[in-house]
Structure formats: structure tokens, C-alpha cells
Amino acid sequence: MENEKFDFKESLSKDSLKGLFSMPKAEDFDPKTFAWKSAVKKAFFGYLGATFFNGFLAVFITLLLVAIFGYGYILSLLFLPILFGIIALAGYIFYFLGIKEMKDVAAGTSWEKPTNNLFIGAILGLVSVIIDFIPLMGWLASILAIVGFVFSLLAYNELRQVKSSSKLASGAKLLFIASIVGIAGAVFSIIIGWVPVVNVVFELLFGLATLVLTFFGWKAISESEFNPA
């Protein structure tokens, strides 16, 4: 088991951040750990890109347009969802490929079940993003996204109880919390959705919180070794 737990302060150090944006080298790890770390990095970058462009950044630019132009909120309804949706789709495809590789590496181990749940969640999420581009099919996309979210939540809940890898468990716990924050944000959005500017502000705050938790969650997992019990 990894003795060193995930440390927020250490994770913000220059060396740690430098290592975050570099891919693992095969000669530094055993084959399984190398494959695991490579897969996690791919999933991490993909999910972060999809979340950032289709969530926090879209809301931030919408709020900025409202503050500057006044009518920017109306304009954002016309082109921002499409623009950021396309960029997010590319990120989600990258995330899906990373999750698939994680599932393949974990096959036949105690991590097989949670990574399978992550994979199912990723498939449903990817399909929902694609379907959302089809007019009048948003309702189906929402249903698939919710079901996929449930599978991902189950996976995070299982992985946060892993005993053989403290960093994997810490990262999964942060992702689990990020999911709960996302649910809270959706509930607030429904409650105050009739107030346009206020709604955007709350979406920005919840989106930022989710993004930060997601970043540190996947970062912790990317530092984990492949050592299922």
C-alpha cells in the first residue's frame, strides 16, 4: 500500500505541477503501473477539458458578456452552447478512451468492478453529449447523462474505499464530493433559474468548486500506483 497520502500543499508545488503535465515514461514503472498512469492521465485531461469548456468557462464568458454588453446573455444562448459543446465533445472522447484503458488494465483485479462502472458511465455520458446536438432530443440526452452520472458516482464510492492505494482512495473521495457539489448546483439552478443573472452567478460558483475538486481528485489518482489488493 502507498504510505504517502495525497497532500494539497505538496500537490501545488512547482515540481508536482510540472509532473502533472508530463506523461509517464515506460522505463520508470512496471508495465501495469505505466499503463495505469498513462490511462489515468488521458482520462484526467479529457474530463478536465470537457468540464472546463462546457461548464465553468461557458458560464464565466456568459456572465462577462452580461456585465459588458447587457444583451450578451441572449447572444450566449445562440452560439456559446454549440461552440463549447463541440470542444467539450472532443474532451469527453479523450476521457472515454482513458477510462477504457483503465478498465482494461484493471481487468481481473479487485479494481475491475469500479472501473467497469466508470466505463459504463463514460459511454452513457459520451452518447448523451452526442445526442444533445440533435434538435428536440435534449430530454433523452439528459436521461442518459443522469444514468451515466449514477454509474460514475457508484464507481467513485467504491474506489474511495480502496485500502491498497491511499492516493487512489483520496482522489476518488474528492471526485465523489465533486459529484455531490454538482448535484447541489443543479438543484440551485432549478430553484433560482427564473432569475437569469443570479442563476449564472450560482452556476459559476458551483462550476468553479466542481472544477477544483475534479482537478485535485484526478491529480491524486494520476499519482497512484497500480497495486490492487
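All values derive from a computational prediction rather than experimental measurement.

Considerations on the overall build of the chain
When helices and strands are tallied, the chain shows 8 helices and 0 strands. Start at the N end of the chain and walk to the C end: the helices and strands fall as α-α-α-α-α-α-α-α. A burial count over the chain gives 45% of its 229 residues as buried. Within the chain, counting contacts between residues at least 6 apart in sequence, those at least 24 apart form 73% of the total.

A few points about unusual backbone geometry
The phi dihedral of Leu 136 is positive, around 70°, even though this residue is not glycine. Among the secondary structure elements, Leu 136 is positioned in the loop between α5 (112-131) and α6 (138-159).

Some words on the nonpolar core
The biggest cluster of nonpolar side chains holds 41 residues, and the ones touching the most others in it are Trp 36, Tyr 95, Ile 99, Met 102, Leu 118 and Trp 218. Those elements that provide at least two residues to this core are α3 (31-69), α4 (72-106), α5, α6, α7 (166-191) and α8 (196-222). Examining the composition of this core, we find that 9 residues originate from one element, α4, more than from any other. Apart from residues lying up to four places away in sequence, Met 102 is in contact with Trp 36, Ala 39, Val 40, Ala 43, Thr 115, Leu 118 and Trp 218.

Conventions we followed
Residues numbered from 1 in each chain as written. Predicted model: local features only at pLDDT ≥ 70, side-chain atom pairs only at ≥ 80, totals over all residues. Heavy atoms only, no water. Helix = DSSP H or I, 4+ residues; strand = E, 2+ residues; numbered from the N terminus. Buried < 20%, exposed > 50% of the residue type's maximum accessible area, 1.4 Å probe, protein only. Contact = heavy atoms within 4.5 Å. Core = buried A, V, L, I, M, F, W, Y, C linked by side-chain atoms within 4.5 Å.

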